[in-house]
Amino acid sequence: MKVVISNHTQEIEAIIKTGRVLTNESDRFSYSFDASFGTYLPDLVVQTKSTEELVSLVKFANREKIPLYPRGQATSLSGGPLSVKGGIILDLSVMNDVLEIHEEDLVAVVSPGVLTANIHKAAEEKGFMYPPDPSSSHVSTIGGNLAENSGGPRGLKYGVTKDYVIGLEVITPEGELINTGGRTVKNVTGYDLTKLIVGSEGTLGIITKAVLRLIPKPKATATMMVIFDSLVDAGRAISKILSAGIFPSKMELMDQASIVAVEQFEPLGLPVDAAALILIEMDGHPLALQEEVSQAAELCRTVGARDVRIPKDKAEEAELWRARKLVSPAIVRIKPTKISEDATVPRSKIPEMCERLQEIRDKYGVHLVVFGHAGDGNLHPNIICDKTDHEEMSRVELAVSEIFTAAIELGGTLSGEHGIGIMKAPFMEMELGAAGLDMMKRIKDVWDPNNIMNPGKIFPEPGQKMELS
Amino acid sequence: MEASLKQLREEFQYDKTNNCVQCGYCLPVCPTYSTFGKETHSPRGRINLVKMVGEGKITDLSLLEEPFDLCLGCRACETACPTGVEYGSLLEATRAALVKRKTFSIPVRLLRKSLLKKVFPSRKMMNVTGHSIWLYEKSGLQKAARKSGIMKTLPYNLGAFESIMPVPVSPVERGRALTEMKAKLKRKYTVAFFTGCIMDAMFHRINQLSIKLLSEAGCDVVVVPKQTCCGALHAHSGEIDEARNLAKQNILAFEKMAADFVVNNAGGCGAMLYEYGHLLSDESEWADRAAAFSAKSKDISQILVECGLPELRVRAGERVTYQRSCHMTNVQKVKQEPIKLLKQVPGIHFIEMDQAEMCCGSAGIYNIVNYDASMLILDEKMMHTKATEAAVIITTNPGCLLQMKLGIEREGLTESMRALHLIEYLAEAAGII
Ligand SMILES: Cc1cc2nc3c(=O)[nH]c(=O)nc-3n(C[C@H](O)[C@H](O)[C@H](O)COP(=O)(O)OP(=O)(O)OC[C@H]3O[C@@H](n4cnc5c(N)ncnc54)[C@H](O)[C@@H]3O)c2cc1C
Ligand code: SF4
Ligand code: SF4
């Protein structure tokens, strides 16, 4: 059933003067998905670069109680931009005009549709760095990154999106245009609404502009690959390096299943008989780097590393990182469906989490691959399966719930970076407790009394279960 | 007649859509997504529409027509896709399934029938086309037509292409076309030259130059008789059976000659020849022969790199840029060779344009049947081309060559910029006429 009726459409077309209102069925189907599961047909799709038009549209939708769903490039892995209750998709990827680097203030001012990789490029051209680097940077929008509080390999040393946003312009669900934070790194005036909006998955309003903090670009980087005969040893090495006061910029883990998959996909000379490998990148002053590399190599050997490889030149270095990049494409050649989890544990619990994951894999007989940003405890246990095989999918569901339970029992969290969306909503209470979840719900109700802004996300519906099959 | 879901799945190759994880990695490289600005015209969007058909969520198949008509078939999306979705096959299957069910409007039907079934595959007809271009210009008709403005009223905006038509070749000259040429010095290879139908009708001169340049580089060149159109335009328009027929005719024609390579100079045709193995893989009698043919098929730039160019004259300070043929880059994966050859021309200044890999919008007969869409894509391409301030735009495919000529004309740059086929440029530098 459509919530938008033809009278509404006329009014919406009158509001959106400079943009487009898409109502064709082929267009509606083309905005019915993201990078997770399910198809939800919106009633219509709005594209406009004008904040004023969006403000009027939100006021109108709030009055008529029509659900709105902000959408960047729909690379969400948790169902964030899906129009689960019908209504209007707002395609904000078209708001991609503003990308200013203010050298003196060390900030970037951006509109929400700018691709994150373009911010990286613009910053680097001026000798700066915008550190958050989700692997989807070249396709995802900064608006989506802010709403999901995305992070990447560099999160280990530099933190994630929320650590670099100091100001926002937001349209509230009632159609007010507000500014939070500002252009200064220090700002304690009142509640920190900026941080509340970041990671709110589009449920508290539409981000129409952001002020991002930049840092000077490090002078040099160095890479090393460390090979292990046991996954748990690899986990130990990670803790050991970090507790020795060395702070790599990236620390990426690949288990045997992912090594083998990559080698089969594209032979790069990786050790297929190894149980795990870690790729480490350090950045900083070239002299300090040399010393840190040899120190880290030594530490790895003491916990039983089989081999430490240091690339001879930049080309070899690129080759090693290519191996890591190929994990995702390589593993889906085994079976078509990839359930990509991002449960995260405290750093000290990495070895224990590795053990628990192996147990879960064997218990449910699922094809579990572990790789990812191990340095910050954000392991990416991926289950490779076939969504048309219902029996297998029900085992996968059980395995996924158990992964969540394990992460929370070890003091970790459901999601390190992909967000809750609809996929993980059923597990919220397990992590937050009833009172914690209720507090969040109350915040949502105050911001959005008519529940029009991205409804159906984060908060579980009564009796909602995870469904993969 | 309601086709059963199972049959639809087979026809649309629904299975192949399951490899798409909707990651969106293909979005930044897709020219139609960039130009039209909505998912309906993105690879991911198009694949999803097929998925929806296979899942029974879309039953009105006409919903797929516009999105698939407006796809350029440039296959840039395939190169960006981390999971190896075979978009090219999906596109062909979908178009074939749609064509089967569609009743075209009369003019479109006529154009499709006459161009695809009669003109391109027939050497005679293509020669007539070539001749009539010549006659048209020589007889003064062209001037009269230009003056009268009648060109503007031609169907499909064919008038827009009129002013960029190449210098025509007289029937006498065409009759003297080379059919064979020995290697100038020591022979390195014997090659069979694939003339291509559009190349031969419109760019006869470039074909002649190609043969001469190959001979200079050390190849015995033979133009095999009874060769025909490669079938690319048919395959891309959903006429798969016709494409298969043409492929078989070509395989038969070229099998008669024991050449080291079958050499072509048109990126689009070359890609089709390269895919004969795939096109005929289901026909046991043909599969191996087609694969052997494809293995021998090479772009002329590959052979010239291999054999080495004759001595080239200095072109001091000339600014040159290169508009890639999508099919040569994304299907044949011939990427570096043309650049290597260009960089051997002494003194030139080679500049890559921004978004160099994006399609120019010519795409077979796309610029004829989807004229407005094609011009939007061309305008974007010209913006980046202009920024290079190049005096020469190099192309490696007749469609791209015409389109870039049109772009130069539309921008009013005919005085300062010219579009050339790579071979024309190299021949010019080598002093071959
Ligand atoms: C192959 C692949 C790799 C990935 N790797 C990573 C990774 O390394 N790290 C990581 O963190 N994530 C990763 N992701 C997940 C995803 O890319 C991120 O969540 C990304 O931030 C989503 O951006 P988007 O522009 O696609 O937003 P969308 O998916 O369109 O939207 C995401 C959420 O943001 C909301 N939203 C979007 N724009 C706005 C706005 N302007 N205002 C308010 N709300 C808005 C939407 O409502 C939705 O809830 C990956 C995804 C894929 C497919
Ligand atoms: S073939 Fe070209 S135009 Fe068509 S979807 Fe792929 S990238 Fe886009
Ligand atoms: S890149 Fe490949 S998998 Fe990703 S959306 Fe495009 S076609 Fe699908």
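What counts and how
- Residues numbered from 1 in each chain as written.
- Chains lettered and ligands numbered in written order.
- Predicted model: local features only at pLDDT ≥ 70, side-chain atom pairs only at ≥ 80, totals over all residues.
- Heavy atoms only, no water.
- UniProt positions renumbered as here; feature names shortened; annotations may be inferred.
- Helix = DSSP H or I, 4+ residues; strand = E, 2+ residues; numbered from the N terminus.
- Areas by Shrake-Rupley, 256 points an atom, 1.4 Å probe, with all protein chains shown as cover.
- Pairing = 2+ DSSP bridges.
- Axes fitted to C-alpha atoms, helices over the stretch in contact; angles between N-to-C directions.
- Contact = heavy atoms within 4.5 Å.
- Near = heavy atom within 4 Å.
- Polar contact = N/O pair within 3.5 Å; in protein donor to acceptor, adjacent residues only side chain to side chain.
- Buried < 20%, exposed > 50% of the residue type's maximum accessible area, 1.4 Å probe, protein only.
- Nonpolar A, V, L, I, M, F, W, Y, C, P; charged D, E, K, R; others polar.
- Salt bridge = Lys/Arg side-chain N within 4 Å of Asp/Glu carboxyl O.
- 1 Å grid on protein atoms, 1.4 Å probe; cavity = no way out; pocket = protein on both sides within 12 Å on 5 of 7 lines; lining within 4 Å.
- Points joined across faces, edges and corners; volume = space filled by probe spheres on them.

As annotated in an unreviewed UniProt entry, chain B carries the name Glycolate oxidase iron-sulfur subunit and comes from Peribacillus deserti. Regarding chain B, the relevant UniProt record gives this comment under Function (unreviewed entry): "Component of a complex that catalyzes the oxidation of glycolate to glyoxylate."

Chain A has the name Glycolate oxidase in an unreviewed UniProt entry, where Peribacillus deserti is given as its organism. Per its UniProt entry, chain A bears the Cofactor (unreviewed entry) comment "FAD".

Engineer: Hey, could you run me through the overall build of chain B in this one?
Structural biologist: When you go through chain B residue by residue, the secondary structure sums to 26 helices and 9 strands. When the accessible area of chain B is evaluated, it comes to approximately 18,300 Å², of which 54% is carbon and sulfur surface.

Engineer: Any chance you could explain the sheet that holds strand β3 (residues 68-71) of chain A here in plain terms?
Structural biologist: Within a beta sheet, neighbouring strands are joined by backbone hydrogen bonds and run either parallel or antiparallel to one another. All names here are of chain A. In space, the 4 strands of this open sheet follow the order β1-β2-β4-β3, with mixed pairing throughout. In this open sheet, the two strands that pair with only one neighbour each are β1 (20-22) and β3. The average angle at which neighbouring strand axes cross in this sheet is 25°, direction not considered. Inspection of the sheet shows strand β2 (residues 44-47) paired to strand β4 (residues 88-91) by 3 bridges, in the parallel sense. In the strand pairing of β4, Val46 is matched with Leu90. Against the sheet, helix α1 (residues 6-15) makes contact with β1, β2 and β4, and its axis sits at roughly 5° relative to β2, the strand it touches most.

Engineer: When you look at the site of ligand 1 in this model, what are you seeing that I'm missing?
Structural biologist: Neighbouring residues of ligand 1: 36 residues in total, closest Pro70, Gly72, Thr75, Ser136 and Gly151 of chain A. Flanking ligand 1 are residues from chains A and B. Within the side chain of Thr75 of chain A, a nitrogen or oxygen atom sits 2.6 Å from an oxygen atom of ligand 1. Side-chain polar atom of Asn145 of chain A to an oxygen atom of ligand 1: 2.7 Å apart, as the coordinates give it. Considering ligand 1 on its own, with 980 Å² of exposed area, one finds that the protein chains cover 96% of that surface.

Engineer: Is there a simple way to think about the pairing of strand β14 (residues 276-284) of chain A in this case?
Structural biologist: Within a regular strand, the side chains alternate between the two sheet faces. All names here are of chain A. Within β14, 8 of the 9 residues are buried, leaving the element largely enclosed by the surrounding structure. The pairing of strand β12 (residues 220-228) with β14 spans 9 bridges and is classified as antiparallel. What sits directly across from Thr223, in β14, is Glu281. Where strand β13 (residues 250-255) and β14 come together, 6 bridges link them in antiparallel fashion. Across the sheet, the residue bridging to Met254 is Leu277, located in β14.

Engineer: I'm lost on the site of ligand 2 in this one. Help?
Structural biologist: Around ligand 2, a shell composed of 13 residues is seen, among which Cys30, Cys71, Cys74, Arg75 and Cys77 of chain B lie nearest. Residue composition of the shell around ligand 2, by class: 9 nonpolar, 2 polar and 2 charged.

Engineer: What am I meant to see in the UniProt feature "domain: FAD-binding PCMH-type" (unreviewed entry) in chain A here?
Structural biologist: As recorded in UniProt, the feature "domain: FAD-binding PCMH-type" (unreviewed entry) lies at residues 38-217 of chain A. Taken end to end, residues 38-217 of chain A is 22% helix and 24% strand, and its first and last C-alpha atoms sit 41 Å apart.

Engineer: I keep staring at the pattern of salt bridges and nothing clicks. Help me out?
Structural biologist: Where charged atoms from two side chains of opposite charge come close, those side chains can pair. Residue and element names in this part refer to chain B. Across all of its chains, the model carries 49 salt bridges over all chains by this definition. Residues Lys16 and Glu86 are paired through a salt bridge, measuring 3.6 Å at the closest nitrogen-oxygen approach. Residue Lys16 is found in helix α2 (residues 14-17), and its partner Glu86 is found in the loop between α6 (76-80) and α7 (87-101); the two are separated by 70 residues along the sequence. The closest approach of N and O atoms between Lys57 and Glu55, which form a salt bridge, is 3.3 Å.

Engineer: Looking at this structure, how should I read empty space enclosed by the protein?
Structural biologist: Gaps left between atoms are located by rolling a probe of water-molecule size over the structure's atoms. Residue and element names in this part refer to chain B. All told, the structure shown has 9 cavities of 30 Å³ or more when counted by the stated rule. The calculated volume of the largest cavity comes to roughly 120 Å³. Counting only elements with at least two residues in the lining of the largest cavity, the list comes to α4 (43-54) and α6. For the lining of the largest cavity, the leading source of residues is α4, giving 3 residues.

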